[in-house]
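Structural characterization, general
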Amino acid sequence: MELNALTGSLSTRKTECLAVAFGKDGLDNAELNSLDKASGGLIARLVKKGDIKPTHNNFLMISEPPGLAAQRLLIYSTGKDTLNEQSFLELLSGLAGQLTKLPIKSAAVSLEGVEVSDRDTPWMAQQLGRRLGEASYLFNPFKSADKKPTTLKKVSLLQAGRPGLDANKRALAIGTAIGNGINRARELGDLPGNICTPSYLATQAKNLAGHYSNMACKVLTEKQMQDLGMGSLLSVTAGTEQPAKMIVLEYKGGTRGSKPVVLVGKGVTFDSGGISLKPGAGMDEMKYDMCGAASVFGTLSAAADCQLPLNVVGIIPTVENMPSGRATKPGDIVTSMSGQTIEILNTDAEGRLILCDALTYAGRYKPSVVVDIATLTGACVMALGSHASGLLSNDDPLAEQLETAGKNSGDRVWRLPLWKEYDKQLKSNFADMANIGGREAGTITAACFLGRFTKNYRWAHLDIAGTAWNSGANKGATGRPVPLLMQFLLEQAAQ
């Protein structure tokens, strides 16, 4: 979808749909007042009749409005108060949904009269670009007949004068890139496990790198991982016919030799639980156990589209976890790339087993920071639901930066502790550690496990088990935490 920022009069703007805000100032807003006058007082009459309601997230469509050049006028109400970030994002989601459902190719949107606490117009423009991109997503490659994709191809953000126009254009471009990155992650997540295998992800990574002159890709085979001593990762893939892959994507947008940000994404393309078999109900959703990997794909593509002046490395350990006669058994002991030994008490706690070797490998890049992203624990879903991702870190400033990025993007996180008391739950009688720490504090002990492999650099862990996909009637990948990660990278680039 093409987005741009334009100046000019709303009443004379030729477009298939003009969207304007009915804000807390109502008709006292200059732009809305001018539209009312051009339409012969139509808007004032509709307000008086109660058709235009001053309530948040309320919409009214007017076809062929008199006196206006637009074919349709969409009035969206912000409510009587200044909006906060979350209520504004809800409003944009509703607006984007309205526009993408219409049988139109072009639209123009005005944000005049919309006020968000402590946010400027470029921030609002970025969120608009992102939400329009998200609303255009449709996944139906395996359906013989279904709804058609949106026909909307071009959206213009209208403003009264030229001041700030370039900043708004740049913000729209960034928002569009983030929306595209979110949709890339969603598409990978929504693919079934028989299509989206570790080999498929490796091919997609090579294709992604081929689109950008400053991105490179390499894929490690099982033999290469074995030579590196990645016994922990390879223990997870022992029971499947699908070969494991270690994907490394390098985006070189920064200066030569500058330390990269490393993103490590868990890529279990299907998680049966292995010998510690999961219950059958809902097991189909375990195709989403690679959403951490998908978010790395989405973030790197968005970073490249925005030409961020940073070096970013994406490391994706990708496997399939299946039971068979060759599968790893509870009680088996393996040696990780770091040399630390692990007693595997539960083969369904497999994400940490592939991540620990990837985190050790990440140290080779002498990173400025490392962030791993994983659908890791059901305990995180119980603690935070689907609203916030879990955040744990060995570095307070890094954790604060991620919290700020979460607030600025609307893709929020909540920090949990990494205390030694929790780490003690990983004690094993037979190895350096166990891969689970018991029923209590499962999200924290999983992060404590990963923390044993991140001593040499600044590291944060994002548990996205509750935020990576939706269940029920709206089942599907969300693309989170691409917005959070991109906002984090944007803020790193601005420092």
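We now turn to the structure provided with this report. (Residues numbered from 1 in each chain as written. Predicted model: local features only at pLDDT ≥ 70, side-chain atom pairs only at ≥ 80, totals over all residues. Heavy atoms only, no water.)

Moving on: the overall build of the protein. In terms of regular secondary structure, the protein is built from 15 helices and 20 strands. A globule of 495 residues ought to have a C-alpha radius of gyration of about 23 Å, and the protein, at 24 Å, matches this closely. Across the 495 residues of the protein, 57% fall into the buried class. Of the roughly 20400 Å² of accessible surface on the protein, 49% is carried by carbon and sulfur atoms. Of the side-chain charges in the protein, 52 are positive and 47 negative, and the distance between the mean point of each set is 4 Å. (Helix = DSSP H or I, 4+ residues; strand = E, 2+ residues; numbered from the N terminus. Rg over C-alpha atoms; globule rule 2.2 N^0.38 Å. Buried < 20%, exposed > 50% of the residue type's maximum accessible area, 1.4 Å probe, protein only. Areas by Shrake-Rupley, 256 points an atom, 1.4 Å probe, with all protein chains shown as cover. Lys, Arg positive; Asp, Glu negative; His and termini not counted. Charge placed at Lys NZ, Arg CZ, Asp CG, Glu CD.)

Turning our eyes to something else, we now look at the sheet that holds strand E17 (residues 433–434). Ordered by their spatial adjacency, 3 strands build an open sheet running E12-E13-E17, and the pairing between neighbours is mixed. Looking at the sheet topology across the chains shown, the edges are occupied by strand E12 (332–335) and E17. One ladder, built from 4 bridges, connects E12 with strand E13 (residues 341–344); its direction is antiparallel. Bridge pairing links aspartate 332 to isoleucine 344 in E13. (Pairing = 2+ DSSP bridges.)

This part takes up the nonpolar core. Counting 62 residues, the largest nonpolar core has Met215, Leu249, Leu462, Met486 and Leu489 as its most contacted members. If one sorts the elements of this core by residue count, helix H9 (residues 291–305) sits on top with 9 residues. Sequence-distant contacts of methionine 215, defined by excluding residues within four places in its chain, comprise Leu208, Ala209, Leu249, Glu250, Tyr251, Leu300 and Ala304. (Core = buried A, V, L, I, M, F, W, Y, C linked by side-chain atoms within 4.5 Å. Contact = heavy atoms within 4.5 Å.)

Spanning 15 residues, helix H4 (residues 121–135) covers 21 Å between terminal C-alpha atoms, matching the ideal 21 Å at 1.5 Å per step. For H4, the buried fraction is high: 12 of the 15 residues fall into the buried class. Those residues of H4 not exposed but buried are Trp123, Met124, Ala125, Gln126, Gln127, Leu128, Gly129, Arg130, Arg131, Leu132, Gly133 and Glu134. For H4, the N-terminal capping position is held by aspartate 120, with its side-chain oxygen 3.0 Å away from the main-chain nitrogen of tryptophan 123. (Expected span 1.5 Å × (residues − 1). Polar contact = N/O pair within 3.5 Å; in protein donor to acceptor, adjacent residues only side chain to side chain.)

Moving on to the packing of aromatic side chains. Two aromatic rings are characterised by how far apart their centres lie and by the angle between their planes. Here the structure, examined in full by the defined rule, presents 6 aromatic pairs. Ring geometry for phenylalanine 88 and tryptophan 123: centres 5.6 Å apart, planes at 35°, overall tilted. On the criterion of sequence distance, the pair formed by phenylalanine 88 in helix H3 (residues 85–101) and tryptophan 123 in helix H4 is long-range, its members being 35 residues apart. The same class applies to phenylalanine 88 and to tryptophan 123, which are both buried. The ring centre of tryptophan 123 lies 5.1 Å from the NZ or CZ of arginine 119, which sits over that ring. (Phe/Tyr/Trp six-rings, centres within 6.5 Å; stacked < 30°, edge-to-face > 60°. Lys NZ or Arg CZ within 6 Å of the ring centre and 35° of its normal.)

Bringing the pattern of salt bridges into the picture now. Across all of its chains, the model carries 19 salt bridges by this definition. One salt bridge in this structure joins arginine 480 and aspartate 411, with 2.6 Å as the shortest N-O distance. Placement of the pair is arginine 480 in the loop between strand E20 (476–477) and helix H15 (482–494) and aspartate 411 in the loop between helix H12 (396–409) and strand E16 (413–415), with a sequence separation of 69 residues. When salt bridges that share partners are traced, they join Glu85, Arg119 and Lys407 into one network. (Salt bridge = Lys/Arg side-chain N within 4 Å of Asp/Glu carboxyl O.)

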